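Chain by chain, the residues run as shown.
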Amino acid sequence: MAHFSCEDEAMLQAMLRQLFQSVKEKITGAPSLECAEEILLHLEETDENFHNYEFVKYLRQHICNSLGSMIEEEMEKCTSDQNHGEEVGYDTVVQHVTKRTQESKEYKEMMHSLRNIMMVVVESMINKFEEDEIRSQERQKKIQKEKSNSYCTDNCSDSDSSFNQSYKFCQGKLQLILDQLDPGQRKEVRYEALQTLCSAPPSDVLNCENWTTLCEKLTLSLADPDPVFSDRILKFYAQTFTLSPLHMTKEIYISLAKHLELYFLSRENHIPTLSTGIDITNPNVIRLLKKVRLLNEYQKEAPSFWIRHPEKYMEEIVDGTLSLLSVNHDQTHLVSQKILDPIYFLALVDTKAVWFKKWMHAYYSRTAVLRLLEKKYKSLITTAVQQCVQYFEFCKSMKADENLGHSKHCGNKQKTFYYSGQELQYIYFIHSLCLLGRLLIYTQGRKLFPIKLKNRKDSVSLTDLLVLFTQLIHYSPSCPKMTSATHSESYSPASMVTEVLRILCDQKECAIECLYNITVIETLLQPIHNLMKGTEAAPNYSETALIHIADILGRIASVEEGLILLLYGENMNSSEEESPTGAHIIAQFSKKLLDEDISIFSGSELSPVVKGAFISVCRQIYGTCEGLQVLIPYNLHESIAKGWKKTTLLSERIPTPVEGFDSVSSISQESQNIMAWEENLLDDLLNFAATPKGLLLLQRTGAVNECVTFMFNQYAKKLQISRNKQFGYGVMVTQVASTAAGAVALQSSGFINALITELWANLECGRDDVRVSHPRTTPVDPIDRSCQKDIIDRLIILNSEAKIRALFNYEQSHIFGLRLLSVICCDLDALLLLEAQYQVSEMLLNAQEENILETSESCRDFIIDGLSVERNHVLVRINLIGGPLERSLPPRMLEKGNDPYPWPMFSSYPVPDRYLPEVIRNADIQQDNELVKHLLCFNISDKQSEWIENCRRQFCKMMKAKPDTISGAALVELLEKFVFHLSDSPSECYFPSVEYTATDANMKNESLSSVQQLGIKMTVRYGKFLNLLQNGAENDLTLVLKHCKRFLKQQQVPIKSSLLCLQGSYAGHDWFVSSMFMIMLGDKEKTFQFLQQFSRLLTSAFLWLPRLHISRYLPMDTIESGIHPIYFCSAHYVEMLLKAEVPLVFSAFHMSGFAPSQICLQWITQCFWNYLDWMEICHYIATCVFLGPDYQVYICIAIFKHLQQDILQHTQTQDLQVFLKEEALHGFHVSDYFEYMEILEQNYRPVLLRDMRSIRVQSS
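Residues numbered from 1 in each chain as written. Predicted model: local features only at pLDDT ≥ 70, side-chain atom pairs only at ≥ 80, totals over all residues. Heavy atoms only, no water.

### Details of a negative patch on the surface
Thought 1: A cluster of acidic residues, Glu72, Glu73, Glu76 and Glu106, forms a negative patch on the protein surface.
Thought 2: Ranked by residue count, the leading element in the negative patch is helix H5 (residues 54-83), at three residues.
Thought 3: In this fold, Glu106 is placed in helix H7 (residues 105-150). (Patch = residues over 30% accessible without salt bridge, like charges linked within 9 Å, V, L, I, M, F, W, Y side chains within 5 Å. Areas by Shrake-Rupley, 256 points an atom, 1.4 Å probe, with all protein chains shown as cover. Salt bridge = Lys/Arg side-chain N within 4 Å of Asp/Glu carboxyl O. Lys, Arg positive; Asp, Glu negative; His and termini not counted. Charge placed at Lys NZ, Arg CZ, Asp CG, Glu CD. Helix = DSSP H or I, 4+ residues; strand = E, 2+ residues; numbered from the N terminus.)

The following block contains the structure:
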């Protein structure tokens, strides 16, 4: 307060005036003071300019100055607790900090200070307002005096009612009004009494002791036959609803509801019947509808304020309403003679039951409504269900007549003043439908079922009701064709039912209980069944009804539980032949639509819309791994591609708009539809890229380039894929980028260039719009013809002064480039390629050399900065191979203390020993002998199959009990013998035997690529570090790789392709052969002999990537795609099993826009080098060799299960991809998850092995 000056006071007054001036209309329009307060309390939610008000900015700054430091300290404490293992959610942190803040001394002081300041400001404003008001009144008096002097005073009258002045109601006066309102009084007296009542302040009326008696009198007066008097009564009711507190309005509302209830129960009143209908020009009907509308308006407004009052008030309103709506006249006479109940009139003024929607929205009122419905007014639900049943029976009986005049619900906009009985029944049906639909959303509402109906033997269950709703879509009469633009709210029965079902679909718990039911699904699919049987079996289904059905099926398929029901039905083990499930029926129907095998819709304007709707359902299914497996036999990708090519030909014939003519009018509507349909089909094809196997199918269509271009165009427009794809194209881009053809398509579409341009803008251009010049992304000088004009040359290879000077933010941009290099080099093939083309190691070493400060002739110190620390990290990463315990990577951050960076830097090789930890090198001889003894205890002369099974059992036993013994010489002998016997067994061999006679002397003319030569050096370095390889190993490994190259070349087919990876030998290094060479302790003869035998086994296709490079054993379309079975088979099943086994991890990948298949492909390609220690790599290879190729999938699932918490954490920090690529798999041991993998084998082996065995004869 001491620092609060007059200037501050004036400033705050100006801020408040600005605020009140901005919200003036909202406040003055409020019906009461409470409503005005409510408006101000919720201003942030309703006013988009809220945070721009100066007063709000002032408050925010005041809070920040007073409490900012304390909030930051509390947040740091919570973060510290979380780092110490106390898992705390974001919401919990916010609640904790808020609670601590509100309890703090600083908060109390701030509130006290703020309250004092505002009291001074507001008091000053009030005083100023009163002064202005007095001056204004004096001015008015002066004006009035001047006027009175200029006119004759004889014209003045003193007969004005005293109620027009300040009047205070008293007991006697109200009693007088009550007497005057008596029906026996003269009309003029009653009019005057009512006028007096309307002019009095509501608070005065409410505070009188006769208020209850007045309510009773008003209830009787509502039935007065005099229309003028009745209108004045309604005016008083409306005024009371608007201006009075809830206590008074509650009494008035109940009074009105009670009057209506008595009105409908009285036999003296002439209430219309169904046969006569309603003539809304009839004065009696007009008065009745006015009362019902007034009642309904209050119903819709009450929920906004009744929570601030005692619960009994709300319950009395609910009870009075339900009591009125439950009035049901005697049903003994004919339906046509039925007297209309109150619910018919309420449906007329509120057809979609908005009042019930608002009452059910909040738990506060919903609890009371549901309790009263269950205990007292269940008949209201019964009659609603009965009305839906009756309307359905009417629709069935009238289905043949498509010319019914449903003017109300068919969108007929012709003015009418009469509602027929048929129209009234329909309006009541819509009201019942909306009421029941809202009821089903909530658990307690669903518990009201089953419902017992009159004249019906069985009760109506939840399933029965949903089946009824679904059948209404099929059987409801067709409406005149209408466009959504002119009829935004369609009242057609099919549209209304679909809207209700959509709402139920969006509530997961409700959908599971109501919709994910085989009976409901079969009802939805019934029209499709009938249409596929032929037109004779199919009723006259409208295209609109089919579009609605597809909409609901699509929503069901978008949720996991619904998808499973569509894929497998209720019995996941039932075969397709026994009972085709929903997914099969939808796929068959969609294929027939695409192939135009169903003639019923040919030539129709809505035909493409129907096709698109059902393909969209299929898209929800084949966009998942498990869904694609089910739909593969239908070759939908081929049908969609065929339809797209046909549509493309049509769109090419569209004339180009001529200059001078309206471009819109020059292209016909039909042409626009063709172009939209073409884009729709492209999008459908693109969605195959959501899974690895789907991407293979997409590439086989030949449309991958067009699909990626379409995706880039959508990305450029910042459009989402569809309603169900919440995370954009992230996963699809990752999947596409995992293949050679996909990467080429991304490059040619402009996608990669756009990403690089955006990255460059963020790094170098900043947000300064006034900059005139910006650095270019192209290279500064052509240092190399092969150097691409991209990010590598500008951010990583900064080996000239010109490049450095050309960057505006040199250090920031270069650090990012080095981080990017670190991630890229985690892929060992990418590392070798960069090393071969750009010599990145030499470039980084030279840069470190330039960062040395010579303090004296004998002392040279490295300058420690962000760039030198990052370069040191990258140099160690790219020059040392090893798992989590086999190499130590230096941190990227400085430490606190006197020595901020204790890690040694270097500018030449070898890498300092500090980064080479002591590891267990080679296995113990005694353990080797023990395993050999176990191995040799089997009599090889026994049946070969028995020996193989015994060996597998022994391997599993040893992996669980003593996994460390499976290493060294024992592992060599075990692998040799086991693979020898497998390759000698025809039942175990998958590939035929290939004769190979080349010798070492024949290898002189065989050459290896520079990438392979660097890979050999890297392998030997790693082998010597582990004491597995000796001098001369480099030449031996070179010979083994040359032999393998020639051996595999004998099994390859020449292919003409634009993809560089298919032109010649395998492009990368052979990490599997390198691994086997190290396992065989550098013995080249044993290694190559093993590989020859191993190449006959199915496992070789999935462990040894070059084994199937342009192999003659693969179908030609698979070869031409350039996609390896490891991706479209192993990685595909990793994603499929991950969704079922570790769903949180699967969801985390999806939210991150990163596909599990991509990281798995990298792990498998380089045999987990740099991710697992050597012992675990041996166990990975041995497990797959002994137990089968499907264990490759199970090991990946086990790894993701092991990493679950880390993956979830890095999904939140938005660096999941970097984490998975850079971090080794700490703490993972194959043996720890052996029992878990055996369970996976029991559950999934038949499916996986069947698909793995089909790679040679892909039927898809």
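That was the structure; now back to the text.
### A short note on helix H17 (residues 354-361)
Quick reminder: α-helices carry 3.6 residues per turn. Residues three or four places apart thus point the same way.
Thought 1: Along H17, the positions that sit buried rather than exposed are Trp355, Phe356, Trp359 and Met360. Viewed along the axis of H17, the buried residues span an arc of 125 degrees, placing them on a single side of the element. (Buried < 20%, exposed > 50% of the residue type's maximum accessible area, 1.4 Å probe, protein only. Arc of directions from axis to C-beta.)

### What to know about the environment of Ile1055
Thought 1: Position of Ile1055 relative to the elements: it lies in the loop between helix H49 (1033-1049) and helix H50 (1071-1079).
Thought 2: For Ile1055, a relative accessible area of 16% gives the class buried.
Thought 3: For the pair Ile1055 and Met1116, spaced 61 residues apart in sequence, the C-alpha separation works out to 9.1 Å.
Thought 4: When residues no more than four places from it in sequence are discounted, the contact partners of Ile1055 are Leu1062, Ile1110, Met1116, Ile1119 and Glu1120. (Contact = heavy atoms within 4.5 Å.)

### As for the packing of aromatic side chains
Thought 1: Summed over the entire model, instances satisfying the criterion amount to 45 aromatic pairs.
Thought 2: Between Tyr253 and Tyr298, the aromatic rings sit 5.0 Å apart at their centres with planes inclined by 35 degrees, giving tilted as the arrangement. You can see Tyr253 sitting in helix H13 (residues 246-265) and its partner Tyr298 sitting in helix H14 (residues 283-301), a full 45 residues away along the chain.
Thought 3: Among the residues examined, Tyr253 registers a relative accessible area of 0% and is labelled buried.
Thought 4: Note on Tyr298: relative accessible area 3%, which makes it buried.
Thought 5: An angle of 85 degrees between the planes, with centres 6.1 Å apart, marks the rings of Phe1047 and Phe1088 as edge-to-face. Placement of the pair is Phe1047 in helix H49 and Phe1088 in helix H51 (residues 1084-1094), with a sequence separation of 41 residues. (Phe/Tyr/Trp six-rings, centres within 6.5 Å; stacked < 30°, edge-to-face > 60°.)

### Brief notes about the packing of helix H31 (residues 636-652) against helix H33 (residues 669-686)
Thought 1: Between H31 and H33, the shortest axis-to-axis distance is 9 Å and the interhelical angle comes to 150 degrees. It follows that H31 is roughly antiparallel to H33 by the angle criterion. Every pair of crossing elements has a handedness; the one defined by H31 and H33 is left-handed. Residues His637, Ile640, Ala641, Gly643, Trp644, Thr647, Thr648, Leu650 and Ser651 of H31 pack against Ile674, Met675, Trp677, Glu678, Leu681, Leu682, Asp684 and Leu685 of H33. (Axes fitted to C-alpha atoms, helices over the stretch in contact; angles between N-to-C directions. Parallel < 35°, antiparallel > 145°, perpendicular 65-115°, else oblique. Left-handed = near helix turned anticlockwise from the far one by under 90°.)

### What to know about the packing of helix H20 (residues 421-440) against helix H23 (residues 493-506)
Thought 1: Contact geometry for H20 and H23: axes closest at 9 Å, N-to-C directions at 10 degrees. For the element pair H20 / H23, the angle class is roughly parallel. Where H20 approaches H23, its residues Tyr426, Phe429, Ile430, Leu433, Cys434, Gly437, Arg438 and Leu440 are matched on the opposing element by Pro493, Met496, Val497, Val500, Ile503 and Leu504.

### Considerations on the environment of Glu509
Thought 1: Relative to the elements of secondary structure, Glu509 occurs in helix H24 (residues 508-514).
Thought 2: Exposure remark for Glu509: the relative accessible area of 52% places this residue in the exposed category.
Thought 3: A C-alpha to C-alpha distance of 8.5 Å links Glu509 and Thr443, two positions 66 residues apart in sequence.
Thought 4: Residues contacting Glu509, with those up to four places away along its chain left out, are Thr443 and Arg446.
Thought 5: Within the local environment of Glu509, its side chain forms a polar contact with the side chain of Thr443, the two groups lying 3.1 Å apart. (Polar contact = N/O pair within 3.5 Å; in protein donor to acceptor, adjacent residues only side chain to side chain.)

### Some points on empty space enclosed by the protein
Thought 1: Taken as a whole, this structure holds seven cavities of 30 Å³ or more when the rule is applied.
Thought 2: Approximately 160 Å³ is the volume found for the largest cavity.
Thought 3: In this structure, the largest cavity is lined by 13 residues; those nearest its centre are Gln1012, Lys1045, Leu1048, Tyr1066 and Pro1106.
Thought 4: When residues in the lining of the largest cavity are grouped by element, the largest group, five residues, is from H49.
Thought 5: For the lining of the largest cavity, the per-class residue count stands at five nonpolar, five polar and three charged. (1 Å grid on protein atoms, 1.4 Å probe; cavity = no way out; pocket = protein on both sides within 12 Å on 5 of 7 lines; lining within 4 Å. Points joined across faces, edges and corners; volume = space filled by probe spheres on them. Nonpolar A, V, L, I, M, F, W, Y, C, P; charged D, E, K, R; others polar.)

### Examining the confidence of the model for the chain
Thought 1: With 84% of its residues at a pLDDT of 70 or more, the chain has an overall mean of 84.
Thought 2: In this model, residues 150-168 is a region of pLDDT below 50 whose contacts with residues beyond four sequence positions or in other chains number nine contacts.
Thought 3: For the stretch residues 780-788, pLDDT sits under 50, and the model shows 14 contacts to residues farther than four places along the chain or on other chains. (pLDDT = per-residue confidence, 0-100.)

### Observations regarding H49
Thought 1: If you check H49, its first and last C-alpha atoms are 24 Å apart, about what 17 residues at 1.5 Å a residue would give, namely 24 Å.
Thought 2: Burial in H49 covers these residues: Ala1033, Leu1037, Thr1038, Leu1039, Val1040, Leu1041, Lys1042, His1043, Cys1044, Phe1047 and Leu1048.
Thought 3: For H49, the elements touching its buried residues are helix H48 (1010-1025), H50 and H51. (Expected span 1.5 Å × (residues − 1).)

### Comments concerning unusual backbone geometry
Thought 1: Here Phe449 and Pro450 are connected by a cis peptide whose omega angle stands at 5 degrees.
Thought 2: Looking at the element boundaries, Pro450 is found in the loop between helix H21 (443-446) and helix H22 (462-475).
Thought 3: A cis amide bond links Tyr909 with the next residue in sequence, Pro910, at an omega value of 5 degrees.
Thought 4: On the secondary structure map, Pro910 appears in the loop between helix H44 (866-879) and helix H45 (925-936).
Thought 5: Non-glycine residue Asn1027 carries a positive phi angle of around 60 degrees.
Thought 6: By the element assignment, Asn1027 lies in the loop between H48 and H49.
Thought 7: The exposure class of Asn1027 is partly exposed, given its relative accessible area of 41%.

### Section: the pattern of salt bridges
Thought 1: All chains considered together, the criterion is met by 45 salt bridges.
Thought 2: Between Glu870 and Arg892 there is a salt bridge whose closest N-O contact spans 2.8 Å. One end of the pair, Glu870, is in helix H44; the other, Arg892, is in the loop between H44 and H45, with 22 residues separating them in the sequence.
Thought 3: As a salt-bridge pair, Asp1190 and Arg1245 come within 2.7 Å of each other at their nearest N and O atoms. Of the two residues, Asp1190 sits in helix H58 (residues 1190-1202) while Arg1245 sits in helix H61 (residues 1234-1253), which places them 55 residues apart along the sequence.
Thought 4: By sharing partners, the salt bridges in this structure join Glu499, Arg502, Asp506, Asp551 and Arg555 into a single network.

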